Every structure is written in structure tokens, then in C-alpha cells.
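Structural overview for review
Chain residues, written in single-letter form:
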Amino acid sequence: MLSWQIMEHGRPLQKTFTETPKPKGAEVLVRITRSGVCHSDLHIWDGYFELGGGKRFYVKDRGCVPPFTPGHEPFGVVEAVGPRAKGVKAGDRRLVYPWIGCGKCAVCKAGQDNYCVSGSRFLGVNRPGAYSTHVLVPDPKYLIDTRGVDDSFASTLACSALTAYSAALKLPKLAPKDTVAVLGCGGLGLIGISILRARGMTNIIGCDIDDAKLDAASKMGAKKTVDTRSPDAARELQGLAAAVDFVGSPATAALGIAALRKGGRYVICGLYGGELSHPLPPIAQRAIGIVGSYVGSLQELREVVALAKKGKIRKAPVETRSAERANEAMEDLKAGRVVGRVVLNFETVAA
Ligand SMILES: [Zn+2]
Ligand SMILES: [Zn+2]
């Protein structure tokens, strides 16, 4: 199989040939046709997350050691199945749920693979991912039929839409007039606007520092947009019932938390990096909630796929490029030149 691998953190991905694995037990070998490029791939590429105060979390400490294949938005065709893999056959087109846990611990048994702490097998995070012609999936239960949804868009459901959906589920119960801010209108934020709308919210404010992304936010259904570089931004956002932070920087956190009304909730899922310093008494006095959200569960992905099949999620801009342009896609994303999502096409790549 052919993979685009991190050989050295921060250096261009290298195209490598390795032997295609053979599925054993309940494993399924998926021939990848589409693979979304996510912002967190950039952190994995760099090799660390910024924790603020000069501290870093190094991805090698959770098993992401080069040579490593990133990619956690896998879509493809089942190529081979292990002897105990039930319910799928060669030729089935499937979206792969990438946030795979150990399968044995209490959280995995409760269907929360994404919270597994005792041996997670997240594809493209600590197991070989989808910047490859092939991915080995431990069990057919992680494969979802997305028939009727465009393949490139389907791949983006595995991380960007799922992350946005799971974050939306963590919002308090909102009234129709309540206002929700979406902080950051990149690939996640745009689909986030769409998902909030699908969940009945209409007063959505798209926030970003880039005009093209603010434009895209309006097209996705944001009622209003705010350029967060503007000195009036904090005032314009005052009184939010909730803020969903798809950036996760000290600036977006400060803005989102400060703009909440009493009882409001700030949900962070962006991993930009930095640290939060906030006086404690006002958290109690304002009765605000500060909540983290990390990707989503298998059941949540099934719900996202069901929404997409019904046409309830407006498609964020998706640009499909040949996998041969993987490095260029990463560079473009890093430089902020991508509106929506770039999805790599592996169909034209000879395995
Ligand atoms: Zn992602
Ligand atoms: Zn587990």
C-alpha cells in the first residue's frame, strides 16, 4: 500500500510503499478513496500541541512516533474481511469511525470509545491513519453506510461534522431567540453553523479574523458575522446564551467566556493551544459553564450520517484534490488559505 507518512515532525510527508496488511479475526481492510485534511493533522505533523506557558504536549508520548500515517477522516471501499468480520463484504462503500477505543474498558463498553483512556486506537492519531490507500479497521461495527451522501463530504463527517455535533449536544437548552456564537469559521466552524441550524438554532453569529471565512459563514446560515479583530467585537457579542469555540486559543476563549450572559455556556473543541487564566468567583457568580468536547461517539456519528442523508446538514465547501498533493493541502491549511475542507482523493493513486 501507499501512504503519505510523517518521517520527521515538521518535515514534508513522504510517500512510502509498505506491505498491505491482511485482516485477521474481525478486522476489515478498507481501500481508502477519500481522506479529509483536518486542522489537528497539522499538530500531529508538527509533533506537539501548545499548552501555554512554554509547555507542550508531544504526540510521541501517546504513540504517534514517526514513521506515522496521519488522517482521521477515512472513507473507502471494503477490500477484504477477516474470518470473524460480520455484516460487511468486499465492495461495500463505507465511512470509517476513526475514534476507536480498546473495546474492552468500561467507557468503550458504554459506547464512548472516544473517551477510552486505556489503549485507544484512534486512526491517524496513534494508529496508522487515512493518508493511505489502505486502512485496517479492528471491527466492522466502526463502518457506516453513507449511501446518498457525496463521498468527499461523507469523509468530513468523521471528524469535522462529528466534533461540531457532539459540541452542539453539550449546549444548554436554548430558546428560539437565544444567540450562539461560533468562534472560528474554518472547516469545523462552518459545518458547526450548519449543524446548529439543523438543531433548530437560528441566531448564530459567525466569528473569524478572515473575510472569506466570514462570507462562507453567512452562506452557511450565520445570521450575523463578527470580525474578531474589530475593537467592537467584545461588545457586539455580549449576551450570548452559548459560544462554541472551534479555535481554542487564549483570545477566542477570553472573548467567548466574557460575552456569555448569566447561565451561559462556553464549549471548547478547538485545539489551537495556549492556556486559560480566569478569575474564579465570576464563574460562580455568573453561573457560567466551561465545557470541553472531544470528537464524538460512534452513536453520535451515526446520528450525523442520518442528518446528512436527510439533507439536513448544509454541505460546507469541500475541495477534492489528488492525494499526490497532500503536502500542499497541509501547507495551505497551515497558511489559512483553505475555506471549508480539503479532501484527498486516493482513487487515482496506484496501490
Ligand atoms: Zn480532526
Ligand atoms: Zn477502552
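Let me begin by describing the structure that accompanies this report. (Residues numbered from 1 in each chain as written. Chains lettered and ligands numbered in written order. Predicted model: local features only at pLDDT ≥ 70, side-chain atom pairs only at ≥ 80, totals over all residues. Heavy atoms only, no water.)

**Focus on the side chain of Q5**
The criterion, for reference: Every helix listed is a DSSP run of H or I at least four residues long, and every strand listed is a run of E at least two residues long, numbered separately from the N terminus. Whether a residue is buried, partly exposed or exposed follows from its accessible area with a 1.4 Å probe, protein chains only, as a fraction of its type maximum: under 20%, in between, or over 50%, in that order. Only heavy atoms matter for contacts: two residues are in contact if any of them lie within 4.5 Å across the pair.
By the element assignment, Q5 lies in strand β1 (residues 2–5). By relative accessible area, which is 12% here, Q5 ends up buried. The residues contacting Q5, other than those within four sequence positions of it, are P12, L13, Q14, T16, P67, F68 and T69.

**Focus: helix α1 (residues 39–46)**
In terms of residue burial, α1 counts as a mostly covered element, since six of its eight residues are buried. Taken together, the buried residues of α1 touch β3 (28–37), β4 (48–52) and α10 (326–334).

**A closer look at the nonpolar core**
Note the threshold: Buried residues of nine kinds, namely Ala, Val, Leu, Ile, Met, Phe, Trp, Tyr and Cys, make up a nonpolar core once their side-chain atoms join them within 4.5 Å.
Counting 89 residues, the largest nonpolar core has W4, L157, L171, L301 and L344 as its most contacted members. With eleven residues, helix α3 (residues 151–169) is the single largest residue contributor to this core. Apart from residues lying up to four places away in sequence, L157 is in contact with L95, L162, L301, V304, V305 and A308. In terms of nonpolar packing, the next biggest core, distinct from the first, is built from 16 residues, L183, A233, L255 and L260 among them.

**Points about the coordination of the zinc ion (ligand 1)**
Rule in force here: Any nitrogen, oxygen or sulfur atom within 2.8 Å of a metal ion counts as a donor, with the limit raised to 3.2 Å for Na, K and Ca, and since water is left out, coordination shells can look unfinished.
Protein coordination at the zinc ion (ligand 1) comes from C38 (SG), H72 (NE2) and C159 (SG), with a distance range of 2.0 to 2.2 Å. Taken in sequence order, the residues that donate to the zinc ion (ligand 1) follow the motif C-x33-H-x86-C. Taken as a pair, C38 in the loop between β3 and α1 and C159 in helix α3 lie far apart in primary sequence, 121 residues in all. Residues C38 and C159 agree in their burial class; the two are buried.

**Describing α10**
Let me state the cut-off plainly: What the arc describes is the spread of directions from the helix axis to the C-beta atoms.
Of the positions making up α10, those classed as buried are A326, A329, M330, D332 and L333. Buried residues of α10 fall within an arc of 165° about the axis and therefore sit on the same side. Tucked into the core, α10 has its buried residues touching β1, β3, α1, β16 (318–322) and β17 (341–345). After α10 finishes, the residue G336 shows a positive phi value of roughly 75°.

**Side note on the packing of helix α4 (residues 187–198) against helix α5 (residues 211–220)**
The condition is simple: Axis definition: a line fitted to C-alpha atoms, over the contacting stretch in the case of helices. Angles run 0 to 180 degrees between N-to-C directions. Here roughly perpendicular refers to angles of 65 to 115 degrees, roughly parallel to angles under 35, roughly antiparallel to angles over 145, and oblique to all remaining angles. Note on convention: the crossing is left-handed when the near helix lies turned anticlockwise from the far helix by less than a right angle, right-handed when the turn is clockwise. Charged means Asp, Glu, Lys or Arg here, nonpolar means Ala, Val, Leu, Ile, Met, Phe, Trp, Tyr, Cys or Pro, and polar covers whatever is left, Gly included.
Relative to each other, α4 and α5 sit at 20°, their axes nearing to 9 Å. On the basis of the axis angle, α4 is roughly parallel to α5. When the axes of α4 and α5 are compared, the crossing they make is right-handed. On the side of α4, the interface is formed by L190, I193, S194 and R197, while α5 contributes K213, A216, A217 and M220. Grouping the amino acids of the contact of α4 with α5 by side-chain chemistry returns five nonpolar, one polar and two charged.

**Let's talk about the pairing of strand β7 (residues 93–96)**
This is how it is decided: In this analysis, strands are considered paired if DSSP registers two or more bridges between them.
With three bridges joining them, strand β6 (residues 74–81) and β7 adopt antiparallel strand pairing. Residue pairing for β7: G76 is matched across the bridge by R94. The pairing of β7 with strand β9 (residues 143–144) spans two bridges and is classified as antiparallel. Bridged to V96 within β9 is L143.

**Here we look at the coordination of the zinc ion (ligand 2)**
Quick note on the threshold: By the criteria applied here, four donors are tetrahedral when all angles lie between 85 and 135 degrees, four are square planar and six octahedral when opposite donors are over 155 degrees apart and every other angle lies between 65 and 115, and any other arrangement is irregular.
Summarising the metal site, the zinc ion (ligand 2) is bound by the protein donors C102 (SG), C105 (SG), C108 (SG) and C116 (SG), whose distances to it range over 2.3 to 2.4 Å. One can describe the donor arrangement at the zinc ion (ligand 2) as tetrahedral, given that its four donor atoms subtend angles of 106 to 115° at the metal. In primary-sequence terms, the residues that donate to the zinc ion (ligand 2) follow C-x2-C-x2-C-x7-C. Remark: C116 occurs in the loop between α2 (106–109) and β8 (134–137) and C102 occurs in the loop between β7 and α2; sequence separation between them is 14 residues. C116 carries the same exposure label as C102, and that label is buried.

**Description of the sheet that holds strand β11 (residues 203–208)**
Spatial strand order, β12-β11-β10-β13-β14-β15: six strands in an open sheet with parallel pairing. Both outer strands of the open sheet, β12 (224–227) and β15 (289–292), are each paired with one neighbouring strand and no more. Direction aside, neighbouring strands of the sheet carry axes that sit 20° apart on average. Here strand β10 (residues 179–183) runs beside β11; their pairing, made up of five bridges, is parallel. Directly across from V182, in β11, lies its bridge partner G206. With respect to the sheet, α4 is in contact with β10 and β11, its orientation differing from that of β10 by roughly 160°. Sheet strands in contact with α5 are β11 and β12, and its direction is about 165° off that of β12.

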